[in-house]
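Structure assessment
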Amino acid sequence: MSHSDIIPLHSTSQSDIDEIENLINASVQSGPATVLPARPPSPPRIPVSSSPFIPSNLQPPPLLPKPTPVAAAPPPPPPPRSSGNGQGIAAAGFGSPPNTLTEPVWDTVKRDLSRIVSNLKLVVFPNPYREDPGKALRDWDLWGPFFFIVFLGLTLSWSASVKKSEVFAVAFALLAAGAVILTLNVLLLGGHIIFFQSLSLLGYCLFPLDVGALICMLKDNVIVKVIVVCVTLAWSSWAAYPFMSTAVNPRRKALALYPVLLMYVSVGFLIIAID
Amino acid sequence: MDESYANLPTSHLLGSVPAVISEEKKTSSYEVPEANLQLFPPNNGVGGTPGYQTLGSSSEGVEQQSTNNWKGVFNISSYTQYFNVDTDDVLNRLRSSLYPINGDFFSKIEANPDLYGLIWIATTLVFVIASLGNCATYLMEKRSGTSSTSWSFDVSYLNLAASAIYGYAVVVPLGFYFLLQYLGSNASLVRFWCMWGYSLFIFILSSLLLVIPFEFIRWTIIIIAGAASASFVAMNLRSHIEGNDLMMVPVAAFVLQMGLALFIKMWFFA
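All values derive from a computational prediction rather than experimental measurement.

When helices and strands are counted, chain B shows 11 helices and zero strands. The order of α-helices and β-strands along chain B, N terminus first, is α-α-α-α-α-α-α-α-α-α-α. Residues counted as buried form 46% of the 270 residues belonging to chain B. Summing over all exposed atoms, chain B offers an accessible surface of approximately 13,500 Å²; the carbon and sulfur share of this is 64%.

As structure tokens, then:
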């Protein structure tokens with residue numbers, strides 16, 4: 001198949017359709033569950049034509065075995081995936097292939113979910129043998145924080161009896177703007193953090209409060225709510241503490257940690273008070 | 001064509017980059033005698049032109065400053081000069097804001113005014129009056145015997161508190177700055193913001209006491225707190241513009257601060 005409307009940017013670049021053909025041929029030749037044949041690393045290319053190529057539709061014909069997707073060895077490209085594949089390829093830059101275009105959607109989703117779960121385990125759960133809590137979350141992503149913030153907003157909105165949409169708006173704005181402002185606060189105090197990594201971490205530390213909000217929504221007793229919120233608040237703060245405190249000069253540690261505490265206490269208060 | 005791809009900025013895409021920001025290198029390579037704390041927004045060229053080395057001649061610096069004026073506004077490292085405080089400094093300033101008579105706050109912050117106090121004391125105050133205001137109405141309703149199921153958490157308290165406190169804390173010092181500039185006395189906007197920010201601290205403490213559901217106690221507390229905070233502001237202003245015969249300015253500041261105190265009482269702890 002030759003596509004005269006697509007201009008190859010490099011002599012070794014292929015169009016997506018050709019790549020699929022090669023995969024099919026390779027899998028037919030060498031049978032299922034084998035490593036794909038090596039080919040010269042395709043340099044990052046910008047698709048010139050808006051290709052109507054949708055990964056989920058391009059399963060090979062049913063009589064051929066499905067080409068196995070390559071294990072996700074390189075660091076996964078940043079979200080959002082569907083529109084960012086071009087940039088993802090540009091970022092990876094090295095040869096092992098942009099097969100994220102051809103893999104089924106379930107694999108993509110599964111990879112993202114497993115990354116969220118592994119980040120969660122790293123950040124939130126107690127692990128006294130953590131090698132360096134300050135460098136946690138090398139593999140940051142923003143999907144996890146997004147889910148947690150929206151879930152918390154929805155839970156609070158559901159528990160509220162009046163002004164539901166305003167409650168959601170307040171919770172969402174408080175958490176999202178709060179994460180940004182907390183990160184800026186650390187940067188302004190002369191600390192060293194990566195902006196998005198910090199956003200990601202503060203989002204993951206909301207997980208205990210999510211659990212607490214869910215429990216409070218189901219059980220409407222004030223005493224239980226206070227206890228649950230106190231426990232989950234302590235847990236969230238404990239999770240966020242090592243990251244924030246190592247990011248700044250030790251003489252300014254309290255200045256960096258106080259706003260984190262303030263934000264979590266205000267969210268905790270919202271959880272208790274909304275009924 | 002593929003040579004250009006080597007220069008794509010990818011450091012923000014990978015997650016495994018060590019946590020060092022290159023902005024710090026820029027600030028260390030730029031030699032400035034001292035940061036210009038009189039002016040706000042910052043218009044030194046820190047971070048504006050990467051790799052720019054000043055030769056120390058002031059005329060060149062002035063030209064460079066005027067062209068780099070807007071580049072400095074959007075770069076975080078040019079604002080770090082306003083947050084150059086340690087925990088001990090902040091605690092000292094908070095403690096000194098509780099003494100309404102001294103009037104020496106400006107001399108304490110002369111060298112190093114900070115906006116950290118303004119931002120976080122204002123934010124804490126917003127949260128405290130919104131949440132404790134809700135608690136207060138709940139307690140009043142429970143005490144007055146009506147069925148407490150009619151009470152529900154009012155989220156609009158947060159909106160109102162945020163608009164009022166942030167608006168007051170930003171606009172009032174700005175207004176006084178322009179007023180004093182117009183009247184000829186020199187003033188520094190950053191120091192005004194710093195002082196007004198720390199003057200709000202006493203309201204946080206008094207809000208904790210305002211939950212008590214007895215009208216007489218509430219009025220007493222708010223009048224005492226308002227008077228303390230207002231006299232703090234007024235005394236400091238008076239000592240700052242010493243020598244000039246402008247008595248109306250501290251009095252106006254006193255009145256405004258009392259107005260804020262009464263507003264807090266009437267809207268949130270009614």
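Take the UniProt feature "transmembrane region" (unreviewed entry) in chain B next. In the numbering adopted here, UniProt assigns the feature "transmembrane region" (unreviewed entry) to residues 115-140, 160-180, 192-210, 216-234 and 246-268 of chain B. Taken end to end, residues 216-234 of chain B is 100% helix and 0% strand, and its first and last C-alpha atoms sit 27 Å apart.

A turn of α-helix holds 3.6 residues, and therefore any two residues three or four places apart point the same way. In this model, helix α8 (residues 222-247) of chain A (26 residues) spans 37 Å end to end at C-alpha, consistent with the 38 Å of a helix rising 1.5 Å per residue. Considering bend angle alone, the principal kink of α8(A) is centred on Tyr241(A) and spans about 40°; proline Pro242(A) follows within four residues of it.

So, on to a nonpolar patch on the surface. Residue and element names in this part refer to chain B. On the surface, a nonpolar cluster with roughly 480 Å² of combined accessible area is contributed by Leu209, Ile212, Phe214, Phe216 and Ile217. You can see Leu209 is positioned in helix α9 (residues 201-209). Residue classification places Leu209 among the partly exposed residues on the basis of a relative accessible area of 46%.

What follows concerns the layout of surface pockets. Of the pockets and cavities examined, the second largest pocket occupies roughly 700 Å³. In this structure, the second largest pocket is lined by 29 residues; those nearest its centre are Leu174(A), Gly178(A), Ile181(A), Thr123(B) and Tyr166(B). Looking at the lining of the second largest pocket, the elements that each hand over two or more residues are α5 (164-188) and α9 (253-273) of chain A together with α6 (116-143) and α7 (156-182) of chain B. When residues of the lining of the second largest pocket are assigned to their parent elements, the largest contribution, 10 residues, is made by α5(A). Looking at side-chain class alone, the lining of the second largest pocket contains 23 nonpolar, six polar and no charged residues.

The next point concerns the confidence of the model for chain B. All names here are of chain B. Confidence in the prediction of chain B, expressed as mean pLDDT, is 77, and 71% of residues score 70 or more. By mean pLDDT, the top-scoring element of chain B is α9 (92), and the lowest-scoring one is helix α1 (residues 23-29) (45). Note on residues 22-34: pLDDT is under 50 here. Beyond four places in sequence and across chains, it has 13 contacts. Between residues 45-66, whose pLDDT stays under 50, and residues either more than four places distant or in other chains, the model counts 26 contacts. As a predicted assembly, this complex carries a pTM of 0.68 together with an ipTM value of 0.71.

On to the packing of aromatic side chains, then. Scanning the model with the defined rule gives 18 aromatic pairs over all chains in all. On the basis of an interplanar angle of 85° and a centroid distance of 6.3 Å, the ring pair of Phe269(A) and Phe127(B) is categorised as edge-to-face. Placement of Phe269(A) in helix α9 and of Phe127(B) in helix α6 is noted, with the two residues assigned to different chains. Given the relative accessible area of 22%, Phe269(A) is considered partly exposed. By relative accessible area, Phe127(B) is classed as buried at 16%. Taken together, the ring pairs in this structure connect Phe106(B), Phe176(B), Phe192(B) and Trp196(B) into an aromatic cluster. When the ring centre of Trp219(B) is taken as reference, the NZ or CZ atom of Lys265(B) above it lies at 4.7 Å.

We now examine the environment of Asp112(A). Residues and elements named next belong to chain A. Topologically, Asp112 is positioned in helix α3 (residues 105-124). By relative accessible area, Asp112 is classed as buried at 12%. Distance from Asp112 to Trp143, taken between C-alpha atoms, is 8.1 Å for residues 31 residues apart in sequence.

Residue and element names in this part refer to chain A. Look at the UniProt record and you will see "transmembrane region" (unreviewed entry) annotated at residues 142-160, 167-188, 194-215, 222-243 and 255-274. Helix and strand shares over residues 222-243 are 100% and 0% respectively, and the end C-alpha atoms of the span are 32 Å apart. Taken end to end, residues 255-274 is 95% helix and 0% strand, and its first and last C-alpha atoms sit 29 Å apart.

Glancing now at the pattern of salt bridges. Enumeration over the complete set of coordinates arrives at eight salt bridges over all chains. For Arg252(A), the salt bridge goes to Asp86(B), with nearest N and O atoms at 2.9 Å. Pair noted here: Arg252(A) is in the loop between α8 and α9 and Asp86(B) is in the loop between α3 (69-73) and α4 (87-96), and the two residues belong to different chains. Each of the two residues, Arg252(A) as well as Asp86(B), counts as buried. The closest approach of N and O atoms between Glu215(B) and Lys265(B), which form a salt bridge, is 3.6 Å. Of this pair, Glu215(B) sits in helix α10 (residues 215-240) while Lys265(B) sits in helix α11 (residues 248-268), and the two are 50 residues apart along the sequence. Using a relative accessible area of 32% as the deciding quantity, one classes Glu215(B) as partly exposed. Note on Lys265(B): relative accessible area 2%, which makes it buried. Each of Arg251(A), Arg252(A) and Asp86(B) takes part in one network of salt bridges that share partners.

Definitions and cut-offs
- Residues numbered from 1 in each chain as written.
- Chains lettered and ligands numbered in written order.
- Predicted model: local features only at pLDDT ≥ 70, side-chain atom pairs only at ≥ 80, totals over all residues.
- Heavy atoms only, no water.
- Helix = DSSP H or I, 4+ residues; strand = E, 2+ residues; numbered from the N terminus.
- Buried < 20%, exposed > 50% of the residue type's maximum accessible area, 1.4 Å probe, protein only.
- Areas by Shrake-Rupley, 256 points an atom, 1.4 Å probe, with all protein chains shown as cover.
- UniProt positions renumbered as here; feature names shortened; annotations may be inferred.
- Expected span 1.5 Å × (residues − 1).
- Bend = angle between axes of the 7 residues up to and from the residue.
- Patch = residues over 30% accessible without salt bridge, like charges linked within 9 Å, V, L, I, M, F, W, Y side chains within 5 Å.
- Salt bridge = Lys/Arg side-chain N within 4 Å of Asp/Glu carboxyl O.
- 1 Å grid on protein atoms, 1.4 Å probe; cavity = no way out; pocket = protein on both sides within 12 Å on 5 of 7 lines; lining within 4 Å.
- Points joined across faces, edges and corners; volume = space filled by probe spheres on them.
- Nonpolar A, V, L, I, M, F, W, Y, C, P; charged D, E, K, R; others polar.
- pLDDT = per-residue confidence, 0-100.
- Contact = heavy atoms within 4.5 Å.
- Phe/Tyr/Trp six-rings, centres within 6.5 Å; stacked < 30°, edge-to-face > 60°.
- Lys NZ or Arg CZ within 6 Å of the ring centre and 35° of its normal.

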